[in-house]
Amino acid sequence: MAVIELTNAAGAVAPRRRRARVAAARVGGGIGVLLPILLLSSFITYSLGALSNSNPAATILGQDAATPAAVAHLNHVLGLDKPLLVQYWDWLSQAVQGNLGTSYFTQIPVSVSISQRLPVDLSIAILAVILAVILGGTAGTVAAVRRGGWFDRGLTVVCSAVSTLPAFVVGIILVVVFAVGAHLLPANQYVAPAQGLGPWLAHIILPALALALQLAADIARQLRTSLVGVLEQNYITGARVRGLPYRRVLIRHALRNASGPALVILGNDFPIMLAGAVAAEAVFSLPGLGQLLLNAAQSRDIPVVQGLLLVVSTFVVVVNLVVNTVLAFLYRSSEGAGT
Amino acid sequence: MSRRSRASGGSVLRLPSARIAVVILAAILLLAFFGSALAPQNPLGIDSNALFEGPSKAHWLGTDYLGRDVLSRLMAGTRLSVLTALEAVGIGLVVGAPLGVATVFLGRTFDFIANRVADALMTLPSIFFAVAVTAALGNGLVQAMFPVGILFIPNFFRLTRAATLDLARAQYVEAAELLGGSKLHVIRVHVVRKVFPTIAVATATACGAALLSVSFLTFLGIGVQPPTPTWGGVLSSDLNYLNLAPWAPFIPGALIAVTVGALNALADAYRDKTGPGTLLLPEADPVSKTHATLEAADARQPAA
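Nothing here was measured: the structure is a model prediction, and the numbers come from that model.

Novice: Sorry if this is basic, but what is going on with the overall build of chain A here?
Specialist: For chain A, the helix and strand inventory stands at 13 helices and zero strands. Put simply, 74% of the contacts in chain A that link residues at least 6 apart link residues at least 24 apart.

Novice: Even after reading the chapter, I still don't get the overall build of chain B, so can you show me in this structure?
Specialist: A tally of helices and strands in chain B yields eleven helices and zero strands. Shown N-terminal to C-terminal, the secondary structure of chain B runs as helices and strands in the order α-α-α-α-α-α-α-α-α-α-α. Burial statistics for chain B: of 304 residues in total, 48% are counted as buried. Counted over contacts in chain B with a minimum sequence separation of 6, partners at least 24 positions apart contribute 72%.

Novice: Help me out: how do you make sense of helix α3 (residues 70–105) of chain B in this one?
Specialist: The α-helix winds at 3.6 residues per turn, so residues separated by three or four positions along the chain end up facing the same way. Residues and elements named next belong to chain B. For α3, built from 36 residues, the straight-helix expectation of 52 Å at 1.5 Å per residue is met to within 8% by its first-to-last C-alpha distance of 52 Å. The largest bend in α3 is about 35°, located at Gly77. Trailing α3 by a residue or two, Gly107 shows a phi angle of about 100°, which is positive.

Novice: Please clarify how the nonpolar core should be interpreted in this entry.
Specialist: Most often, soluble globular proteins keep nonpolar side chains buried together rather than apart. Within the largest apolar cluster, 168 residues are counted, with the highest numbers of intra-cluster contacts made by Ile124, Ala128, Ala210, Leu211 and Val305 of chain A together with Ala210 of chain B. Not counting residues within four places of it along the chain, the set of residues in contact with Ala128 of chain A comprises Ala208, Leu211, Ala212, Leu215 and Met273 of chain A.

Novice: What exactly am I supposed to notice about unusual backbone geometry here?
Specialist: For residues besides glycine, phi is generally negative; the peptide bonds are generally trans as well. Residues and elements named next belong to chain A. Look at Ser285: it is not a glycine, yet its phi comes out positive at around 40°. For Ser285, the location among the structural elements is in the loop between α11 (246–284) and α12 (289–299). For Arg300, which is not a glycine, the phi torsion comes out positive at approximately 55°. Tracing the backbone through its elements, the reader meets Arg300 in the loop between α12 and α13 (302–338). A residue is classified by how many C-beta atoms lie within 10 Å of it, and Arg300, with 21 of them, is buried.

Novice: Please clarify how the interface of chain A and chain B should be interpreted in this entry.
Specialist: Accessible area lost on assembly of the parts is the figure often given for the size of an interface. Taken together, the contact pairs 54 residues of chain A with 45 residues of chain B. Where the side of chain A that touches chain B is concerned, the elements lending two or more residues are α1 (2–11), α2 (15–51), α8 (167–181), α11, α12 and α13 of chain A. Here the side of chain A that touches chain B takes 14 residues from α2 of chain A, the largest share from any one element. Residues of the side of chain A that touches chain B, tallied by class, amount to 37 nonpolar, 15 polar and two charged.

Novice: Would you mind going over the packing of helix α6 (residues 110–145) of chain A against helix α7 (residues 150–162) of chain A with me for this structure?
Specialist: Geometry of a packed helix pair, given as the angle between the helix axes and the separation of the axes. Residue and element names in this part refer to chain A. Following both chains from N to C, one finds α6 and α7 inclined at 130°, their axes separated by 8 Å at the closest point. Considered as vectors, α6 and α7 are oriented oblique to each other. Like other packed secondary-structure pairs, α6 and α7 cross with a definite hand, here left-handed. Residues Ala139, Val142 and Ala143 of α6 form the contact with α7, whose own contacting residues are Phe151, Asp152 and Leu155.

Novice: What is the right way to look at the packing of α3 of chain B against helix α6 (residues 141–168) of chain B in this model?
Specialist: Residue and element names in this part refer to chain B. One can describe the packing of α3 onto α6 by two numbers: an axis separation of 5 Å at closest approach and a directional angle of 35°. Considering the relative orientation of α3 and α6, their crossing is right-handed. Here the contact of α3 with α6 is built from residues that sort into 24 nonpolar, ten polar and two charged.

Novice: Explain the confidence of the model for chain A here, please?
Specialist: Interpretation of this model should avoid reading the predicted coordinates in detail wherever pLDDT is low. Residues and elements named next belong to chain A. Overall, the prediction assigns chain A a mean pLDDT of 78, with 83% of residues at 70 or greater. Within chain A, α6 carries the highest mean pLDDT (88), whereas α1 carries the lowest (43). Segment residues 1–13: pLDDT under 50, and six contacts once partners within four positions in sequence are set aside and those in other chains are kept. Long-range and interchain partners of residues 334–339, a stretch whose pLDDT sits below 50, account for four contacts in this model, where long-range means more than four residues apart.

Novice: Just to check I follow, could you spell out the environment of Ala262 of chain B for this structure?
Specialist: Residue and element names in this part refer to chain B. Position of Ala262 relative to the elements: it lies in helix α10 (residues 250–274). For the pair Ala262 and Gln171, spaced 91 residues apart in sequence, the C-alpha to C-alpha distance is 37 Å. Not counting residues within four places of it along the chain, the set of residues in contact with Ala262 comprises Ala21, Ile24 and Leu25.

Novice: How should I be thinking about the confidence of the model for chain B in this particular structure?
Specialist: All names here are of chain B. Model confidence for chain B is summarised by a mean pLDDT of 76, while 85% of its residues fall at 70 or above. Note on residues 1–9: pLDDT is under 50 here. Beyond four places in sequence and across chains, it has three contacts. Residue range residues 277–304 is modelled with pLDDT below 50. Its contacts to residues more than four positions away, or to other chains, number 54 contacts.

Novice: How should I be thinking about the environment of Tyr104 of chain A in this particular structure?
Specialist: By the element assignment, Tyr104 of chain A lies in the loop between α5 (84–96) and α6. Placed 192 residues apart in sequence, Tyr104 of chain A and Ala296 of chain A show a C-alpha to C-alpha distance of 9.6 Å.

Novice: For this particular structure, what's the right way to read the environment of Leu93 of chain B?
Specialist: Examined against the element boundaries, Leu93 of chain B turns out to sit in helix α3. C-alpha of Leu93 of chain B to C-alpha of Thr160 of chain B: the two residues are 67 residues apart in sequence and 9.9 Å apart in space.

What counts as what
Residues numbered from 1 in each chain as written. Chains lettered and ligands numbered in written order. Predicted model: local features only at pLDDT ≥ 70, side-chain atom pairs only at ≥ 80, totals over all residues. Helix = DSSP H or I, 4+ residues; strand = E, 2+ residues; numbered from the N terminus. Contact = placed C-beta atoms within 7 Å. Buried ≥ 20, exposed ≤ 12 C-beta atoms within 10 Å, placed from the backbone. Expected span 1.5 Å × (residues − 1). Bend = angle between axes of the 7 residues up to and from the residue. Core = buried A, V, L, I, M, F, W, Y, C linked by C-beta atoms within 7 Å. Nonpolar A, V, L, I, M, F, W, Y, C, P; charged D, E, K, R; others polar. Axes fitted to C-alpha atoms, helices over the stretch in contact; angles between N-to-C directions. Parallel < 35°, antiparallel > 145°, perpendicular 65-115°, else oblique. Left-handed = near helix turned anticlockwise from the far one by under 90°. pLDDT = per-residue confidence, 0-100.

What follows is the structure in structure tokens.
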């Protein structure tokens, strides 16, 4: 312990440069670990096409034109006659440059259809995270501050009830209450933010809320537990004794140190939110990635399916890296503040 | 050990929440096996004179848009939903748990590879992956739940590995080895039995998650042809007629929620009774939920 403090003190000569170096090393190390993972998961994704016993060339040509010679020719053009590893490498080197191939059926480039639909899911997912942080953060903090009170006990019940309700059921409840019952908000369609922020928000607030509830419950539960632990620490009493206002102690001393585990949950769940947006899309019939995936799966449009999986899993990995880096910083700076 | 575990098993059932959960789950299992036979009416029987009826003596849970009896459809749909959920959990448990124990004893290379494969699998969101696999393997619920099971493997693997790692370092395991117990004997008697409660709780939680996945997949229309009744299917058909019958989706929704809630309550009761510290679970220690990449990054460069 003493040694650590000594090195900290020695390093404090140029804290900013040192911190930058640590950050660079951490991000670099993270990428070093993540690249093989991405390579492996993209290979799993690509092999899906090889697993399928469907014959894309025959499907594209249609029943009449699918003579063996024509099928063989098209297979050659599509590169489907090469060994799996060669195909994978071709696909991956194209994908890195942003070319995910074209759909077998619509002939639209996969990257174009994905980038058309990604804003829908991203708006829902980001708004859901914001809502979850506000709802969960407030609820967790209030419950921890008023520990054992009616709000605290009620929150426990609500959280365990919410954890049994999947997002699509919550979505349906919201539709029934706000769209069918009260006619307050639209229950379907998507409006791009370019056509006005108000309509955009009105169309995504219900799907986002449906998605946010579960995460909010997780955050509230976690924040309550860790905040209760932190509020019992001596340094909180110390800060109060020194005459700092309670609000300042709560936000700058307690919440900052207690938010770590809740942030971990947030970081783990945010990528899943993108996939969870599929549920919200289905209930509110929004034209997002989920709809694209479902249509592609039904018509066995393998390039679209592969491209979607690659994009989503890359997203998961990148967000995880970002969250882990941020977390490492938070813990580091709070350590520094403590000693 | 065996006496203690029996005692703790008994005391779990002394909790009222656990008892209610067990009764609910027994009823669901009964429906899974005999649901179609017990259904009061034909789940596929169409009655154009009784559309969107509310609960009545003839139709306890009302009728749907074709006048079919909702209670019968839910009862008949239980089997497919429950069995495919068990399929997914079974795959995860049978592959993941033994690997988690084995990896601790098989050396660092194996451990490293297994962990990286688990990392890679964890980047694939389960519903996305499940739908994608149906594109490759064909549209069936058994096919769709297979990838969900594959994605359960890293969960079981991680939990079992963490619990085993803890135990493998315990002094009594060392003592057993020093007393001349063979490796297999030590693993079987001193490690696996102790890891068992962790796996049991993880299995209950995974069953809940799998049921949610099945419901969602059938809700999306993956894996089943329209007349076949499933929990999610009943829910999605109600969705098109919200203006006519706004209460209808709450019945299958409540059924799903109650079943998942019962599984979670059972897991919670078992966890509480076995006591904190004996079990290594994500809820007990949220930081262990951190993506393994952080752990790996930390291992590479020690803190401070």
